[in-house]
Amino acid sequence: MDSPIEFIPEEFIIKQPNKPEVLELLSELEFNRLSKRLLGDEVELKPTSSSGQMSLFGGSVGESIKEEVQPVEYKTIQDLNPNYTLISTELEHKEFVKILCNQKTVCFDTETSGLNPRESSIIGLAFCFKKGEAYYCSISENPNTLNIYQSFFEDSSILKIAHNLKFDAAVLKSNKVNVVGPFFDTMIAHYLLKPDQRHGMDVLANNYLSYKPISIETLIGKKGKNQKSMLEIPADIIKDYAAEDADITFQLYQVFEPAIKKEKLESLFYDIEIPLSIVLMEMENEGICLDTKSLSDFSIMLEESIKNLKSTIYGFSEVDFNIDSPKQLGDILFNHLALDEKAKKTKTGQYKTDEQTLLKLASKHQIVKEILEYRQQKKLQSTYVDALPKLISAQTNRLHTTFMQTVAATGRLSSTNPNIQNIPIKTEMGKEIRKAFISRNKDYSILAADYSQIELRIIAALSGDKSMIDAFKNNIDIHSSTAAKVFKVDFKDVTQDMRRKAKMVNFGIIYGITAFGLSQRLGIKRGEAKEIIDNYFEQFPDIKTYMDSMVDFARENGYVETIKNRKRHLKDINSRNAPIRGFAERNAINAPIQGSAADIIKIAMINIRKEMQLRNLKSKLLLQVHDELVFDLFNEEKDVMLELVEKNMSGAVNLKVPLNVEMGIADNWLDAH
DNA sequence: GACTTCACG
DNA sequence: ACGTACGTGAAGTCC
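In this report, the structure presented in the accompanying data block is examined. Residue numbers run consecutively from 1 along every chain, following the written order of its sequence. Written order decides the labels, with chains lettered from A and ligands numbered from 1. It should be noted that, the model being predicted, local features are given only for residues of pLDDT at least 70 and side-chain atom pairs only at 80 or more, the latter also being counted only at that level, while totals for whole chains, interfaces and linings use all residues. With hydrogens and water set aside, each side-chain value is computed from the structure's full complement of heavy atoms.

## Notes on the overall build of chain A
The condition that has to hold: Here a strand is any run of E in DSSP of at least two residues, a helix any run of H or I of at least four, and the numbering for each starts at the N terminus. Three exposure classes are used, based on accessible area relative to the maximum for each residue type with a 1.4 Å probe and protein chains only: buried under 20%, partly exposed in between, and exposed over 50%. We call two residues contacting when some pair of their heavy atoms lies within 4.5 Å. Method for areas: the Shrake-Rupley scheme with a 1.4 Å probe, in which residue coverage is limited to the protein chains shown.
Within chain A, the secondary structure is distributed over 28 helices and 19 strands. Among the 673 residues that make up chain A, the fraction classed as buried is 52%. When contacts within chain A are restricted to residue pairs at least 6 apart in sequence, long-range pairs at least 24 apart make up 68% of them. If you sum the accessible surface of chain A, you get close to 31,800 Å²; carbon and sulfur atoms cover 49% of it.

Right under this line is the structure:
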């Protein structure tokens, strides 16, 4: 049985749960299927089966819940009786592609043998250019069939619409088909409209079309070892499923295209996100080389070291236990060794054993230091040293991440499989891992280019704070400059400790500072932290005004936006629950800053790629890590590239502060910094 | 699958 | 009197 609850894309909070017009949408059964938590006079609800690691509070829906949940009955393919056609003979394909090329606007979708674009073949193509009418072109029987469609994909007079275009473009590319714009991507469109929600086609079909599509599991079975490949399914069975996908994409386009216009998101969509998706596709496709020999040497060393740490720890504990289990570790530290009578607990009642907690115990027992060391090395081994080589593609011998363009609510990218945005760099051992990211051969080097202090520069520019802008214009060390002002000393008298504290304050400003947060991080009293913050706002009154204005704007409009009009909706901004409201207020401050930085580097990436293509350069853009770009630099292009990258990064947008870019070249990623 | 921890910006 | 710095993804345990 299908409950509409499954299709509420987000966690939500029902304000005043006794209000009938809200609660009537949920049957008792549905209500019981949600996990509930009382938060003052509000109830937090979330689907119990939701995929984990959601944000702390998520978005409360308040009024908009009515829009989201309304369709309790979903139409299916049986209800609508659409006109879906199978195209399979060579003659049919040739006739059909003529029809396609006469269209102005066409949705397409590829059916593939798998989810990895470089390892998958194309089984069929689905097209739709009119609601309720779609075509499934089976092409796996004859490999030449795909070529027939080249004329369509290369036609720049046709608007091509897809849901997650990056994937389809990548699969076509790996099957030697080039696809050109103009493009529309319904997944990205929805990401710009509702950045903090989910953008899967099924969810969107439910919410915007009141339609329940045929599930992929109907075709290939449930996830697991028995799941079939699309290759095993006959074309006439795939037909309805594939054609329906194209049909839905077309209908979503009809909803989202005007919505993008209405919300003034056209420039962000057409000038930034859509071109970026192609840049990302090329970066993913390129991949980066990994020095597997150095990693396997390092792994052997780590293995030995971890073994020794383990036996030292067991020596201290006098009993064997699983160090990887926080539960067992807590038992050893706080019951067996009784290191802290008032040990902090997690929200589920277990002892906290995270790094911050352990550091405070380090002076009480030698075991603690060993555990911290063990934790660090185990992390490096399991998450990186042993995991990365397994992800190297057999075809290309390189590591191909997937950049997720519609995940981060602020507009940032994220990276999976592997995540190349959290490769270690801070510790000595961690550096060994970054060192294993290398150029493709001796004719190439790694070029790393990163924005210096981009988020602080953005807040300086947006707030118009003169003293901070001056500091950046004059290239003065920003943390020392802040320290001099906050601690009211001459610049030359700033101590290391003052600078350290000021650096924390600067980070705090970007995150929406609290006295508690600062005191925790600096290990000082709350009162002292409050005094520092008060001094800061006294010295930087424009920053204070700017922060307040962001919160006020959010309260009035329900969202905040970046320099390129990327919105983040903050439904909790007027919540009567103080912690929830505080969270939204900090988002109101942070989102425009983090999001504007994301806008800027995205523009830089597009312009860099455009110019590299124009100049026919052999160097390749490989990675993006929020404020940094990583290239495989063709050595002969060193001078051209340094100039080109610097120019396009610092010149991506015009701000009241200069955007400084630091660049480095080496044969590996570590030394390029 | 929830929870905890920790890697990065 | 609350719980608290922003944004991510992955690995391990334990139910």
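## Observations concerning the pattern of salt bridges
Using the following cut-off: Basic side-chain nitrogens of Lys or Arg form a salt bridge, by our definition, when they fall within 4 Å of a carboxyl oxygen of Asp or Glu.
Tallying each qualifying case throughout the model produces 37 salt bridges. Each of E273, R566, D599 and K602 takes part in a single network of salt bridges with overlapping partners.

## Here we look at the packing of aromatic side chains
The line we're drawing: Two rings from Phe, Tyr or Trp (for Trp, the six-membered ring) form a pair when their centres sit within 6.5 Å of each other. Planes less than 30 degrees apart are called stacked, planes more than 60 degrees apart edge-to-face, and all others tilted.
For the structure on display, the rule yields 22 aromatic pairs. A centroid spacing of 5.4 Å and a plane angle of 70° characterise the contact between F437 and W669, whose relative ring orientation is edge-to-face. Placement of the pair is F437 in strand β13 (residues 437-438) and W669 in the segment after β19 (661-666), with a sequence separation of 232 residues. A relative accessible area of 0% places F437 in the buried class. For W669, a relative accessible area of 0% gives the class buried.

## Remarks on the side chain of E637
Here is the rule we go by: Charge counting treats Lys and Arg as positive and Asp and Glu as negative, with His and both chain ends excluded. Under the rule applied, a polar contact is a pair of N or O atoms within 3.5 Å (in protein, one hydrogen donor and one hydrogen acceptor; residues adjacent in sequence only if both atoms are side-chain atoms).
Residue position: E637 is located in the loop between β18 (628-634) and α28 (638-650). The side chain of E637 sits in the buried core without any salt bridge; K618 is the nearest counter-charge, 6.6 Å away. Within polar-contact distance, the side chain of E637 engages the backbone nitrogen of K618 at 2.6 Å. When residues no more than four places from it in sequence are discounted, the contact partners of E637 are L617, K618 and S619.

## Side note on the nonpolar core
Formally: We define the nonpolar core as a collection of buried residues of types Ala, Val, Leu, Ile, Met, Phe, Trp, Tyr and Cys that are connected through side-chain atoms lying within 4.5 Å of one another.
Core analysis: the biggest nonpolar cluster contains 170 residues, and F127, Y149, F153 and Y451 have the highest contact counts within it. For Y451, the contacting residues outside a window of four places in its chain are I600, I601, A604, D627, M649, S650, A652, L659, N660 and V661. Ranked by size, the runner-up nonpolar core spans 19 residues in total, among them F321, L339, A343 and L372.

## Considerations on the sheet that holds strand β5 (residues 105-112)
In sheet architecture, strand pairing relies on hydrogen bonds along the backbone and comes in two forms, parallel and antiparallel. Let me state the cut-off plainly: Here, any two strands with at least 2 DSSP bridges between them count as paired. Lines fitted to C-alpha atoms define the axes, with helix axes restricted to the stretch in contact, and inter-axis angles between N-to-C directions lie between 0 and 180 degrees.
Spatially, the 6 strands line up as an open sheet ordered β4-β7-β6-β5-β8-β9, and their pairing is mixed. Here the strands that pair on one side only, and so sit at the sheet edges, are β4 (83-87) and β9 (183-185). Between one strand axis and the next, the sheet turns by 25° as a mean value, whatever way the strands run. Relative to strand β8 (residues 159-162), β5 runs parallel, the two being bridged by 3 bridges.

## Side note on helix α17 (residues 366-385)
Where we set the bar: A helix is expected to span 1.5 Å for every residue after the first.
Taking 1.5 Å per residue as the helical rise, α17 with its 20 residues ought to reach 28 Å, and the 27 Å between its terminal C-alpha atoms agrees with that figure. Where α17 is buried, its residues contact α14 (292-317), α15 (326-336), α16 (355-361), α18 (387-390) and α19 (428-434).

## Here we look at the pairing of β5
For β5, a buried count of 7 out of 8 residues is recorded, marking the element as mostly surrounded by other parts of the structure. Two strands pair when backbone bridges link them, and β5 and strand β6 (residues 122-130) are joined in this way by 6 bridges, in the antiparallel orientation. Counterpart to C107 in the pairing with β6 is C128.

## So, the protein's contact with DNA strand C
Let me state the cut-off plainly: Being near a molecule or strand, for a residue, means having at least one of its heavy atoms within 4 Å of it. Classes in brief: Ala, Val, Leu, Ile, Met, Phe, Trp, Tyr, Cys and Pro nonpolar; Asp, Glu, Lys and Arg charged; the others, Gly included, polar.
Taken together, 37 residues lie around DNA strand C, and S325, S414, N417, R521 and N587 are the ones closest in. At the protein interface, 56% of the atoms of DNA strand C within 4 Å belong to sugar or phosphate. Measuring from a phosphate oxygen of DNA strand C, one finds a backbone N or O atom of A409 at 3.0 Å. One of the side-chain nitrogen or oxygen atoms of R521 is found 2.6 Å away from a base nitrogen of DNA strand C. Listing elements by their share of the surface near DNA strand C, those giving two or more residues are α15, α17, β12 (414-416), α23 (496-511), α24 (515-522) and α27 (578-614). Sorting elements by how many residues they give to the surface near DNA strand C places α27 first, with 6 residues. Of the residues assigned to the surface near DNA strand C, the class counts are 12 nonpolar, 17 polar and 8 charged.

## So, the side chain of H400
Structurally, H400 can be placed in the loop between α18 and β11 (402-404). Within the structure, the side chain of H400 is placed 3.3 Å from the backbone oxygen of N285, a separation counted as a polar contact. A distance of 2.5 Å separates the side chain of H400 from the side chain of T396, its partner in a polar contact. Beyond its immediate chain neighbours, meaning those up to four positions away, H400 contacts R118, E284, N285, E286, G287, S393, N417 and P418.

## Points about the sheet that holds strand β14 (residues 444-451)
Taken in spatial order, the 4 strands make up an open sheet running β17-β18-β14-β19, and their pairing is antiparallel. Either end of the sheet is taken by a strand with one partner, and the two such strands are β17 (620-624) and β19. For this sheet, the mean angle separating the axes of adjacent strands, direction not counted, is 20°. Bridge count between β14 and β19: 6 bridges; the pairing is antiparallel. Counted as the bridge partner of Y451 is V661 from β19. Across the sheet, α27 lies against β14, β17 and β18, angled at about 15° from β18, the strand it touches most.

## Looking at the packing of helix α21 (residues 466-473) against helix α22 (residues 478-486)
As a reminder, the rule being used: Left-handed describes a crossing whose near helix is turned anticlockwise from the far helix through less than a right angle; right-handed describes the clockwise counterpart.
Between α21 and α22, whose axes approach to 10 Å, the crossing angle comes to 145°. Like other packed secondary-structure pairs, α21 and α22 cross with a definite hand, here right-handed. For the pair α21 and α22, contact is made by S467, M468, A471 and F472 and by I478, S481 and K485, respectively. The residue inventory of the contact of α21 with α22, partitioned by class, reads 4 nonpolar, 2 polar and 1 charged.

## Comments concerning α21
How we decide: Note: the arc covers the axis-to-C-beta directions of the helix.
Taken residue by residue, α21 has M468, I469, A471 and F472 as its buried positions. Taken down its axis, α21 places every buried residue within 155° of arc, on the same side. Exposed and oriented more than 90 degrees from the buried face of α21 are K466 and K473. Those residues of α21 hidden inside the fold are in contact with α20 (454-463), α22, α25 (526-539) and α26 (541-557). Phi turns positive, to about 60°, at N475, one or two residues after α21.

## Observations concerning the environment of Y135
The topology assignment puts Y135 in strand β7 (residues 133-138). The buried category is assigned to Y135, whose relative accessible area is 15%. Among the polar contacts made by the side chain of Y135, one reaches the side chain of E133 at a distance of 2.8 Å.

## Some words on the packing of α23 against α27
When two helices pack together, their arrangement is given by the angle between the helix axes and the distance between those axes. Rules: Every angle not falling under 35 degrees, over 145, or within 65 to 115 is termed oblique; those three ranges are roughly parallel, roughly antiparallel and roughly perpendicular.
Orientation of α23 relative to α27, taken along the N-to-C sense of each, is 100°, at an axis distance of 7 Å. Comparing their axes, α27 and α23 come out roughly perpendicular. In contact with I509, I510 and Y511 of α23, α27 contributes R586, I589, N590 and I593. Tallied by class, the residues present in the contact of α23 with α27 amount to 5 nonpolar, 1 polar and 1 charged.

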